[in-house]
Amino acid sequence: EYTAIGTTLNAQANVSTTTPEATLTNNSTSAQTSVVDGHEFTASISPTVHTVGLGGSTAYEIMIKNTGLTEDRYTISLNGLNTEWYTLSQTSVALLPGQTARLPLTVHADSCSASGDHPFDVTIRSEANQQDQSLPASVTFESGPRVSGLVPLGGSTLGSRNVTVTWQTDAETT
């Protein structure tokens, strides 16, 4: 027989004796127990939005924590991106109660046809109770050059208003 999650179970015990006793108030007790799901988890993805130039790559972190009472195995899948555009370090992980896994997800694209915003979902599934959690995220691939972090060698100050910048990319052009 199964009891529904969220049910409160009551147990009561009474004892008696054949010999006389002065205090009868300590001859009974009761206890309550709540039925909980032993397979619970939380998950997140960070960051949820990235912008990267074509030919570059960017990293996300997927966090899964077993908040349940028993060991569980979780499968990780990704929907919405071309399978050639990402690398997922693991597609399943087993966690003991209280354990946390942090999995890297690397997203990259080399083709100009990938330009634009691409929403995607990472789905985490508990193998024990088949519950899913969907983590929405997006990546924007820019076809133009991205210039950032320009710092002179050694952190010195530039003495000119004119600076020549060159760059190199491995992205295919069309």
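Quick notes on the rules
- Residues numbered from 1 in each chain as written.
- Predicted model: local features only at pLDDT ≥ 70, side-chain atom pairs only at ≥ 80, totals over all residues.
- Heavy atoms only, no water.
- Helix = DSSP H or I, 4+ residues; strand = E, 2+ residues; numbered from the N terminus.
- Contact = heavy atoms within 4.5 Å.
- Areas by Shrake-Rupley, 256 points an atom, 1.4 Å probe, with all protein chains shown as cover.
- Buried < 20%, exposed > 50% of the residue type's maximum accessible area, 1.4 Å probe, protein only.
- Pairing = 2+ DSSP bridges.
- Phe/Tyr/Trp six-rings, centres within 6.5 Å; stacked < 30°, edge-to-face > 60°.

A.B. asks: I'm lost on the overall build of the protein in this one. Help?
C.D. replies: Each helix and strand counted, the protein has zero helices and 11 strands in total. Taking all contacts inside the protein whose residues are at least 6 apart in sequence as the whole, residues at least 24 apart take part in 62%. As presented, the protein carries roughly 11,700 Å² of accessible surface, and 49% of it is formed by carbon and sulfur atoms.

A.B. asks: Would you take a moment to explain the pairing of strand S8 (residues 92-95) for this structure?
C.D. replies: The two faces of the sheet receive side chains in turn, since in a regular strand these alternate between them. Covered by surrounding structure in S8 are Val93 and Leu95 only, the residues Ser92 and Ala94 on the alternate face being uncovered. As judged from the four bridges shared by strand S6 (residues 72-79) and S8, these two strands associate in the antiparallel manner. Paired with Asp72 across the bridge in S8 is Leu95.

A.B. asks: What should I look at first to understand the packing of aromatic side chains in this one?
C.D. replies: Describing an aromatic ring pair means giving the distance of the ring centres and the angle of the ring planes. For the coordinates displayed, the defined rule picks out three aromatic pairs. Taking 5.5 Å as the distance between ring centres and 90 degrees as the angle between the ring planes, the aromatic pair formed by Tyr60 and Phe120 counts as edge-to-face. Of this pair, Tyr60 sits in strand S5 (residues 57-66) while Phe120 sits in strand S10 (residues 116-126), placing them 60 residues apart in sequence. The class for Phe120 is buried, based on a relative accessible area of 2%. Ring geometry for Trp85 and Phe141: centres 5.6 Å apart, planes at 75 degrees, overall edge-to-face.

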